Amino acid sequence: MMLSKGLKRKREEEQEKETLAADAWWLDPSLPAAAQAPPAAASSSLFDLSVLKLHHSLRQGEPDLRHLVLVVNTLRRIQASMAPEPTLPPVPSPPAAPCVADSLLASSDAALSASMASLLEDLSHIEGLSQAPQPLVDEGPPGRPTGGSPASLGALDLLGPATGCLLDDELEGLFEDIDTSMYDSELWAPVSEGLKPGPEDGPGKEEALELDEAELDYLLDVLVGTQALERPPGPGR
Amino acid sequence: MLLSLPALHLQTSEYHPLFQLPHGRLGPWCSPTGSPAPLSCETGCGEGSWILVCRLLVPTQVSLLSMEEDIDTRKINNSFLRDHSYATEADIISTVEFNHTGELLATGDKGGRVVIFQREQESKNQVHRRGEYNVYSTFQSHEPEFDYLKSLEIEEKINKIRWLPQQNAAYFLLSTNDKTVKLWKVSERDKRPEGYNLKDEEGRLRDPATITTLRVPVLRPMDLMVEATPRRVFANAHTYHINSISVNSDYETYMSADDLRINLWNFEITNQSFNIVDIKPANMEELTEVITAAEFHPHHCNSFVYSSSKGTIRLCDMRASALCDRHSKFFEEPEDPSNRSFFSEIISSISDVKFSHSGRYIMTRDYLTVKVWDLNMENRPIETYQVHDYLRSKLCSLYENDCIFDKFECVWNGSDSVIMTGSYNNFFRMFDRNTKRDVTLEASRENSKPRAILKPRKVCVGGKRRKDEISVDSLDFSKKILHTAWHPSENIIAVAATNNLYIFQDKVN
């Protein structure tokens, strides 16, 4: 954030490269944004950022409608310009629970939240993901970064971890009686400070957990060319 | 010294040290003949030099006093607040507005307070003090509320203030937060009755048996007291956040606009309003556009405009139908393909729309530019001014830190020849429509001594940075000038920078 005079924002080198690439790319007048696919890293960081903003906005008691609409429209633009990956294996169990999100958000502005939840559903439909609902326990603790998503899960686990952060703490309480012992194995023990043990999406996550979050992002980007979705920090963080 | 303390004290004229005007010294913006511009709004900004008249801080402590007490607020402002030296987030100024004569200047802040400043009266002995503003009245307009149904807190922040034209001795203004509009009456009392028969001088009742003579109470002068009373409260008409209010030229009605709807009110009726624009889609999933600002035509009471987040302006005629969902005119500039990016829509979102005083033009502010439109030409603006084009290459970062969503306002001068708007780093910009000259000035304590001529600033966009230039990366994006106001007939401007209100005027010889 460009705050104080003379103080440059410190960034990780990777991110800086990405952002610089992003800046350079979309500035190029010969590359209209919608016409040409930008470097995956650049659009992915923009996409992640937009999703982050969207969820942050939705989590407000009364979201700023203008901010929300502008972010959603920007998100649509970014998505429209990104080429979908045809070679991805079908998603085993994509986390998606718009109906649950709906009901949980019903306490706030029902119309708005329901529409936004279905908007998210709509966005994920664009990417052709199957929408098999998943037990919410798979969301895991909010603080867990989904850098652990394996590449095989597909391009956009939009609704999964994303929806997870939409759900407030009541969610945890609701599903306390679910037996999660099958997920609580040593494989899921934290290997770094940022990771917490907990249920996750699929066996592919094993190896991911042994890597640092940032390394994993980079690795996935390089290997598959899809963006790794970062789970926004939950309330506990 | 005006700027010595970071204190929340109010500088009134008595505390302003005498500063000599730099006679004969000309700023870079004086006319070529070398004589400073006359104090007339016809000259425009390019010909004048701007000097700081006073810097005012919103007096937090005054609001703690009960308005029912018989206290002279002017006396308080002179002496009471000197020792308080903190500024809170509640003091951030959120709106600034001159009244129709320019005699009064109102500010609203995040804490729901309204502070009204009054211009110093001209006097022969202190002619150079003219142009200074002192606190006239302070009151708590809106309180934080809690919507129990939605479990949401309603902010008390004052989004807009609009004055009504003066029709009698009292002043009236509208102030609004996100949900409720209020009509306030501000009036003076400078006499009080004395010589009651049944009460003594302190107000205690006298025993009638002790009264032997009768006298007629007389009105005696007292220290001036300014009181503000809420005369009307217009509530429960907006589901979404109110972003604009505008008084109609018939002075009987006004409108309030939120993200999706615009309502028409009669000043006398608080339990009813007419919905005149509704862009809420039947299916909220289809929502792609919101209303960002609205204003009545200055002369035609049937016309108004509203702007949108997609960079369009619609002119509506209330005579055409009760619900003005169909516009009379639609103003939109085609997108420049060479400037296209993911952020095109966000930066095209209009944050403010203002009719010119003549009613012939409208001015719109989007993130990077100010545009002037002729009402007779819908397909493109007649003038476009770059406010801070050097930010175009930084849009990604500005999106990240949400600065790209900042809503800057814009204002016309009295003769519609100059337009002004704010930027970052406490910079604000003026554009002379006739000479096509523009200037960047700074509103900050470090850089302005009272009565000294403001030095134009320049942002270095690349290559070698000259001595007085500031590089783009050094700009402070937390210091934004979102709200400014221009005196209706003179070259006096008010610039709000966080919790500071700067008043500048064109230099007088």
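Residues numbered from 1 in each chain as written. Chains lettered and ligands numbered in written order. Predicted model: local features only at pLDDT ≥ 70, side-chain atom pairs only at ≥ 80, totals over all residues. Heavy atoms only, no water.

### Remarks on the overall build of chain B
How we decide: Strands are runs of DSSP state E lasting at least 2 residues, helices are runs of H or I lasting at least 4, and numbering of each runs from the N terminus. Any pair of residues with heavy atoms lying within 4.5 Å of one another is described as a contacting pair. Computed with a 1.4 Å probe, the accessible areas rest on the Shrake-Rupley method; for each residue, only the protein chains presented here act as cover.
In terms of regular secondary structure, chain B is built from three helices and 32 strands. Of all intrachain contacts in chain B linking residues separated by at least 6 positions in sequence, the fraction that spans at least 24 positions is 57%. Accessible surface computed for chain B: about 22,300 Å², of which carbon and sulfur atoms make up 49%.

### A word on the overall build of chain A
Our working definition: A simple rule labels every residue: compare its accessible area, found with a 1.4 Å probe on the protein chains alone, to the largest value its type can have, and call it buried under 20%, exposed over 50%, or partly exposed in between.
Counting its secondary structure elements, chain A contains nine helices and zero strands. If you list the helices and strands of chain A from N to C, you get α-α-α-α-α-α-α-α-α. Taken across its 237 residues, chain A has 48% of its residues classed as buried. Counting contacts in chain A only where the partners sit at least 6 residues apart, residues at least 24 apart contribute 74% of the total. On chain A, roughly 11,200 Å² of surface is accessible, and the fraction owed to carbon and sulfur atoms is 57%.

### Brief notes about the pattern of salt bridges
Residue and element names in this part refer to chain B. Inclusion rule: A pair is scored as a salt bridge if a Lys or Arg side-chain nitrogen falls within 4 Å of a carboxyl oxygen belonging to Asp or Glu.
Under the defined criterion, the tally for this structure stands at 32 salt bridges over all chains. Between Arg360 and Asp374 there is a salt bridge, and its shortest N-O distance comes to 2.9 Å. On the criterion of sequence distance, the pair formed by Arg360 in the loop between β20 (352-355) and β21 (361-365) and Asp374 in strand β22 (residues 369-374) is long-range, its members being 14 residues apart. On the basis of relative accessible area, Arg360 is assigned to the partly exposed category, the value being 40%. Overlapping salt bridges bring together Asp91, Asp109 and Arg113 as one network.

### Some words on the packing of aromatic side chains
Residue and element names in this part refer to chain B. Threshold: In this analysis, rings of Phe, Tyr and Trp, with Trp reduced to its six-membered ring, are considered paired at centre separations within 6.5 Å, and the interplanar angle assigns stacked below 30 degrees, edge-to-face beyond 60, and tilted for intermediate values. Remark: a charge is flagged as sitting over a ring if the NZ atom of Lys or the CZ atom of Arg is within 6 Å of the ring centre and within 35 degrees of the ring normal.
Counted under the stated rule, the structure contains 20 aromatic pairs over all chains. The interplanar angle of 35 degrees and the centroid separation of 4.4 Å between the aromatic rings of Phe139 and Trp184 together place this pair among those described as tilted. Of this pair, Phe139 sits in strand β5 (residues 133-140) while Trp184 is found in strand β10 (residues 181-194), placing the two residues 45 residues apart along the sequence. Note on accessibility: Phe139 and Trp184 belong to one class, buried. Of the aromatic side chains, those joined through ring pairs into one cluster are Phe234, Tyr254, Trp265 and Phe267. One Lys or Arg, Lys199, reaches over the ring of Tyr196 and ends 4.4 Å from the middle of that ring.

### Section: unusual backbone geometry
All names here are of chain B. Of note, Asn425 is a non-glycine position whose phi angle comes to about 60 degrees, a positive value. Relative to the helices and strands, Asn425 is located in the loop between β25 (418-422) and β26 (427-432). Positioned with a positive phi, Lys436 is a non-glycine residue whose angle comes to about 65 degrees. Inspection of the secondary structure assignment puts Lys436 in the loop between β26 and β27 (438-442).

### A word on the pairing of β21(B)
All names here are of chain B. Quick reminder of the rule: When DSSP finds at least two bridges between two strands, those strands are taken to pair.
Of all five residues that make up β21, five are buried, and the element is covered over most of its length. Because side chains alternate across β21, one face comprises the buried residues Tyr361, Met363 and Arg365, and the other comprises Ile362 and Thr364, equally buried. In this structure, β20 lies alongside β21, joined through four bridges in antiparallel fashion. Bridging across to β21, Asp352 finds its partner in Arg365. In this antiparallel pair of consecutive strands, β20 and β21, the connection spans five residues, and Gly359 shows a positive phi of 85 degrees. Bridge count for β21 against β22 is five bridges, and the pairing is antiparallel. The residue of β22 that forms the bridge with Thr364 is Lys371.

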